[in-house]
Amino acid sequence: MKASTRDSCVFFDKRMDLRGIGLFLLKRFLFLLKGASGSKKVRIYLIIDRHEWERGKKINNLLTLMIYSLEWNIGFPIQVIDLDGKGNSSIEERKLLLEEVYEILRGDIESGEIEVTILGDREFVGERWEDYIGSKFGNYILRVKRDYEVCDGKRVVDIYNDMGRGEVREIRRDGWRVVIKRLSACSDRRDDCLALVTLDMNSKAEDVIEIYGRGGGAEMAGAEFVSCDRKLINKCRRYKIKVWCGNPVDFCIKEDLQ
């Protein structure tokens with residue numbers, strides 16, 4: 001396979017597998033980012049996600065890792081693991097997804113040339129997992145469930161029940177914090193609240209939310225799809241996309257808009 005631009009050509013060995021190509025693209029992308037940044041620190045985001053869909057009788061269940069540059073607004077997958085049709089991934093499988101990427105980034109992370117943040121959805125949390133990625137990469141922004149314990153037995157749901165729609169709060173602990181935003185006026189919705197745990201103690205809470213949303217896509221940002229096209233809405237529901245979809249009337253009822 002050959003990819004070319006006006007002043008350069010890249011050739012891939014036919015024997016190179018998808019993981020090898022992903023690692024090659026990672027190295028190339030880092031080279032371009034560092035060259036463009038000059039003496040400034042390069043900031044990149046690694047987004048871990050799981051994609052599951054049915055193709056005939058076969059269930060495809062893939063654990064993927066994508067690199068994303070907020071400054072360039074460019075991202076692409078660099079690693080993938082087939083989970084053989086089962087459900088959520090294990091910590092060992094996630095470590096396998098990250099280990100070769102970490103070895104490439106390790107020198108730049110330790111020298112301070114590159115700052116890496118791991119982004120992940122609600123299934124990618126847990127004390128062991130958070131300790132692992134924190135010790136390796138230095139920072140993460142992970143979405144947590146409503147029953148996530150924040151402090152002294154108080155959960156996310158106990159905090160956001162007293163919040164108004166659009167309100168943002170943060171709870172700081174020793175070396176980490178939880179940022180919470182109320183997305184909807186309806187408290188019985190699964191996605192009525194965005195709660196993020198992070199090691200970043202310096203950025204504004206709104207900036208943490210923006211980074212997670214831009215890096216993670218529509219579902220992570222709490223986006224919703226409203227349309228008057230009934231066929232299109234039914235198609236979205238049939239394909240079980242992760243974003244809420246419906247017509248304007250349904251949206252007004254859901255959001256309790258009078």
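Within each chain, residue numbers correspond to sequence positions counted from 1 in written order. This being a predicted model, a pLDDT of at least 70 is required before a residue's local features are given, and a value of 80 or more before pairs of side-chain atoms are given or counted; all residues contribute to the totals for chains, interfaces and linings. In computing side-chain properties, one takes all heavy atoms of the structure into account and sets aside hydrogens as well as water.

Caption draft 1: The pattern of salt bridges, seen in detail. In the sections that follow, a salt bridge refers to a side-chain nitrogen of Lys or Arg positioned within 4 Å of a carboxyl oxygen of Asp or Glu. For the structure shown, the criterion picks out 12 salt bridges. Note that lysine 41 and glutamate 115 form a salt bridge whose closest N and O atoms lie 4.0 Å from each other. With lysine 41 in the loop between α1 (18–37) and β3 (42–55) and glutamate 115 in strand β6 (residues 114–120), this residue pair connects regions lying 74 residues apart in the sequence. Taking the relative accessible area as the measure of exposure, glutamate 115 reaches 30% and is therefore partly exposed. Taking the shortest distance from any N to any O, the salt bridge between aspartate 121 and arginine 122 comes out at 3.6 Å. Grouping residues by exposure puts aspartate 121 and arginine 122 together as buried. When salt bridges with common partners are traced through the structure, they connect Lys41, Arg43 and Glu115 into a single cluster. Runs of E in the DSSP output that reach at least two residues are strands. Runs of H or I that reach at least four are helices, and both are numbered from the N terminus. Partly exposed describes any residue whose relative accessible area lies between the buried limit of under 20% and the exposed limit of over 50%, with all areas from a 1.4 Å probe on protein chains only and scaled to the type maximum.

Caption draft 2: Inspection of the pairing of strand β11 (residues 177–182) at higher detail. Counting buried positions along β11 yields 5 of 6 residues, so the element is predominantly enclosed. For two strands to be treated as a pair, DSSP must find at least two bridges joining them. Sheet analysis places strand β10 (residues 168–172) next to β11, joined by 5 bridges and oriented antiparallel. Each bridged residue has a counterpart across the sheet, and for valine 168 the counterpart in β11 is lysine 181. Relative to strand β12 (residues 193–198), β11 is paired through 6 bridges, and the arrangement is antiparallel. Across the sheet, residue arginine 177 finds its bridge partner in β12, namely threonine 198.

Caption draft 3: Summary view of the confidence of the model for the chain. Summarising the model, the chain shows a mean pLDDT of 80, and 74% of its residues fall at 70 or more. pLDDT expresses how confident the predictor is about each individual residue, on a scale running from 0 to 100. We call two residues in contact when some of their heavy atoms are within 4.5 Å. When the criterion is pLDDT under 50, residues 1–16 qualifies, and its contacts beyond four places in sequence or with other chains add up to 16 contacts.

Caption draft 4: Structural view of a nonpolar patch on the surface. On the surface, a nonpolar cluster with roughly 380 Å² of combined accessible area is contributed by Phe31, Leu32, Trp72 and Ile74. Exposure remark for leucine 32: the relative accessible area of 38% places this residue in the partly exposed category. Like charges are joined within 9 Å and nonpolar side chains (Val, Leu, Ile, Met, Phe, Trp, Tyr) within 5 Å, but only among residues with over 30% relative accessible area and no salt bridge; these make up the patches. Computed with a 1.4 Å probe, the accessible areas rest on the Shrake-Rupley method; for each residue, only the protein chains presented here act as cover.

Caption draft 5: Summary view of unusual backbone geometry. Positive phi values are uncommon outside glycine, yet asparagine 73 reaches one of about 55°. Topologically, asparagine 73 is positioned in the loop between β4 (58–69) and β5 (74–82). Phi is positive for aspartate 152, close to 50°, though the residue is something other than glycine. Judged by its relative accessible area of 73%, aspartate 152 is exposed.

Caption draft 6: Structural context of the packing of aromatic side chains. When two rings of Phe, Tyr or Trp (its six-membered ring) have centres within 6.5 Å they constitute a pair, described as stacked for plane angles under 30 degrees, edge-to-face for angles over 60, and tilted for the intermediate range. Counted under the stated rule, the structure contains 5 aromatic pairs. With centroids separated by 6.5 Å and ring planes inclined at 45°, the aromatic side chains of tyrosine 45 and tyrosine 68 adopt a geometry described as tilted. Here the residue tyrosine 45 occupies a position in strand β3, and tyrosine 68 occupies one in strand β4, the gap between them amounting to 23 residues. Taking the relative accessible area as the measure of exposure, tyrosine 45 reaches 7% and is therefore buried.

Caption draft 7: Up close: the pairing of β12. Extensive coverage of β12 is indicated by the burial of 6 of its 6 residues. Here β12 shows a buried face lined by Cys193, Ala195 and Val197 and a second buried face lined by Leu194, Leu196 and Thr198. Judged from the 3 bridges that link them, strand β7 (residues 140–143) and β12 form a sheet pairing that is antiparallel. Its bridge partner being in β12, isoleucine 141 is matched across the sheet by threonine 198.

Caption draft 8: Inspection of the environment of glutamate 99 at higher detail. Within the secondary structure, glutamate 99 is located in helix α2 (residues 91–111). Considered as a pair, glutamate 99 and lysine 136 are 37 residues apart in the sequence and their alpha carbons are 9.6 Å apart.

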